[in-house]
Amino acid sequence: MRPSGAAVAKSWRWMLPVLGWLWVCGLSACASDGAYDVDRSEASVEDTAEPGFTKEGTLERAASVDGARARQAEADRVVRELWAVAGERGVPGEAWTFEYQNHGGALTLLSFRRTAQGQGPGGTANWSGFSRELTRSLSTLVGVKPRRLRFTLERDLEHWRFDLETVRGQVAAQARTVAEALPGASEPALSDALKVAHRLLPAQAVSQEGRVRQRARLHYEGMRLLEEVDPGLFEVQEGLGRQRVPASEDARMPVVLALLPFRNAVGSRTVEVELEGQHVRGEAEARWRVVAAKTLEPNAPPEPLEDIAKEYRAMQEDILRHWRQEVADNARYAGAWSFEQLAYWYVGGFIAKGTLGMFEAVAPTVVSVLGRGGAKAAQWFRTVLIRTPPAEREALQRIWMKAEAEGMAALGVGEKAELQALLRDMEQRLRAPLKDQYAKNKLREWARQEYFDVLQPQLARTLGPDLMATYPVHHLVPLEYAHLFPLRNINVSGNLVGVSREVHTSINSVWTLVRKSPRSVSASEVDEVARITRKHFGQWFHVVYDPSKSAVALSSAQKAALREVEVLLGL
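The text that follows walks through the structure, step by step, so that each part is easy to find. From a predicted model like this one, the values you see are computed outputs, not experimental measurements.

1. Considering the overall build of the chain
Counting its secondary structure elements, the chain contains 17 helices and 13 strands. Relative to its full complement of 571 residues, the chain shows a buried share of 50%. For the chain, the accessible area works out to roughly 26,700 Å², and carbon and sulfur atoms hold 52% of it.

Okay, here's the thing in structure tokens:
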């Protein structure tokens, strides 16, 4: 449901300070008179070089001008995030730590925490002084190697001082891997953050001259902060029983600015936040800040799902990067991917988002196979995609790209209904005979690639390019019977055998006899015919055929196989 005009106008009134802040930050090119030190005491064992330098001590250089500009843009954004959360409102004695994942120059915020509270008045730190030296040196110091970086900020009477160190830790699953100039927060992003900030601020007002803490968990999907908030512990730290002081609408703004940086990550993720509400003597209203936030590390996928999880995350980042650039025809963009990439993307996405349940009633076979996850499910789904008409594939890509970028909650009622209809049509198509010639040709092409590149590379080398081009790859259960086995991947390795033309002709004569049956054959009968062909012709599978040695035996095998099939089908 979209907000009313009055609600939008009200929201925009509170957004103006945010937009003004973003505008100022965007115009401030590089500006900090704080000291910038590198402390390597906690550097990882694997990488003891300073951030931004190789183990040999040489400076890491950008591969291209564009890469250098993108990394500088990443550094500029990090400085703005440090300022938004800590710098602008800091008081003497206050200290913060921020952890980022660096990967290829892309910097993804993982967590921050106020480590010292500070107190008393002090000179107001200004933006240009905060950012000048830090911005200028940061992109060079962080380099491009995968590592976790910890920024420490400490406030004295007039200025902020900075330290940077590497810390141990695996590469975060939600981290971006390509540096880019990320756009500022859009109106929908600000609107989402304002709604969540409103829900985060507890109904209980802060006691006069008191202090309270509120904990909660938030959920991000792609670039979207979802409205769902899981409240946690609320505790009064000071001022119990005194007169209550309410928070103003402006109290949401520091919270909004602390939540926005966590949008710049990949995938579905949960961020745990801790807010502090405080009333200072003499002030009419209470102040609120996010004093700690961290992205919770997801559980490692089961070993069978590791391959698909890695492929899915890479494609997911590619989609988000593309979506941010506002390319008009997203379905056409997705069309640049291979069917295999698309299959990994869909299977990984359905599992990661936990959305399979919404399709179980309309597509039980699809749900049962995709729910297993892993490469086998992706390979199976590739054969489903190739049987899907192009218009339906484009519709699926269009809807799913939006779901990746903005979350399932961003899909309208019509889009969700369309998604269910697309899955239902896939389900029905699984049980219909394969008629489309393009799909058949593609399945045969993939079968040859799988057979010679993965299953039988030695045979491919023995045959050589010329002979291999004329060497058939046979489906033990032919494509025309794939609809009898909807749960199977017709191109699974156990269904592919390489045979010479002579052997292939003999096997085809057996299936020609099956086609002459006056009734439709069952799945069990097709399986039995496949077993008969394997029994009689198996000695010539995966070998170079020599007619001078095998012609008589091949003729006998063909006659025996035909007799067995005649008995089986009552012909």
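2. A look at unusual backbone geometry
Its identity as a non-glycine residue notwithstanding, His542 has a phi of 65°, on the positive side. With respect to the element layout, His542 can be found in the loop between helix H16 (523-537) and helix H17 (547-569). Given the relative accessible area of 30%, His542 is considered partly exposed.

3. With respect to the pairing of strand S8 (residues 224-238)
Of the strand pairs in this sheet, strand S7 (residues 211-221) and S8 are connected by nine bridges, and their pairing is antiparallel. In the sheet register, Val212 faces S8, and the bridge partner there is Val236. With antiparallel pairing between neighbouring strands as the criterion, S7 and S8 make up a hairpin whose turn holds two residues, including Gly222 at a positive phi of roughly 60°.

4. Some words on the packing of aromatic side chains
Any pair of aromatic rings gets described here by the distance separating the centres and the angle formed by the planes. Considering all chains together, one arrives at 16 aromatic pairs under this definition. Pairing Trp345 with Tyr346 gives two aromatic rings, centres 4.9 Å apart and planes at 25°, and the pair type is stacked. Per residue, the accessibility class of Trp345 equals that of Tyr346, and both read buried. Between the aromatic rings of Tyr346 and Phe381, the centroid separation amounts to 5.9 Å while the plane-to-plane angle is 85°, which identifies the pairing as edge-to-face. In this pair, Tyr346 sits in helix H8 (residues 339-352) while Phe381 sits in helix H10 (residues 374-386), placing the two residues 35 residues apart along the sequence. Ring pairing ties together the aromatic residues Trp345, Tyr346, Phe350, Phe359, Trp380, Phe381 and Trp400, which thus form one cluster.

5. Here's the deal with the nonpolar core
If you look at the biggest cluster of nonpolar residues, it comprises 72 residues, and the most contacted ones within it are Trp345, Phe381 and Phe537. For this core, the element with the highest residue contribution is H8, accounting for eight residues. Excluding anything up to four places from it in sequence, Phe537 contacts Val503, Ser506, Ile507, Val510, Leu554, Ala557, Gln558 and Ala561. Ranked by size, the runner-up nonpolar core spans 56 residues in total, among them Leu141, Val196, Leu201 and Phe262.

The rules behind each value
Each residue is numbered by its place in its chain's sequence as written, counting from 1. Residue-level local features of this predicted model are given only where pLDDT is at least 70; pairs of side-chain atoms are given and counted only at 80 or more, and the full residue set underlies all totals for whole chains, interfaces and linings. Side-chain figures throughout are based on the complete set of non-hydrogen atoms in the structure, without hydrogens or water. Segments assigned H or I by DSSP are reported as helices when at least four residues long, segments assigned E as strands when at least two residues long, and all are numbered from the N terminus. For the exposure calls, accessible area comes from a 1.4 Å probe over protein chains only, and a residue counts as buried if that area is under 20% of its type's maximum, exposed if over 50%, partly exposed in between. Note that accessible areas follow from Shrake-Rupley with a 1.4 Å probe, and for residues the cover is restricted to the protein chains shown. Pairing between strands is defined by DSSP: at least two bridges between them are needed. Stacked, tilted and edge-to-face pairs are distinguished by plane angle, under 30 degrees for stacked and over 60 for edge-to-face with tilted covering the rest, among Phe, Tyr and Trp rings (Trp via its six-membered ring) whose centres lie within 6.5 Å. Here, the term nonpolar core denotes a set of buried Ala, Val, Leu, Ile, Met, Phe, Trp, Tyr and Cys residues that are joined through side-chain atoms within 4.5 Å. Here, two residues are considered to be in contact whenever any of their heavy atoms come within 4.5 Å of each other.

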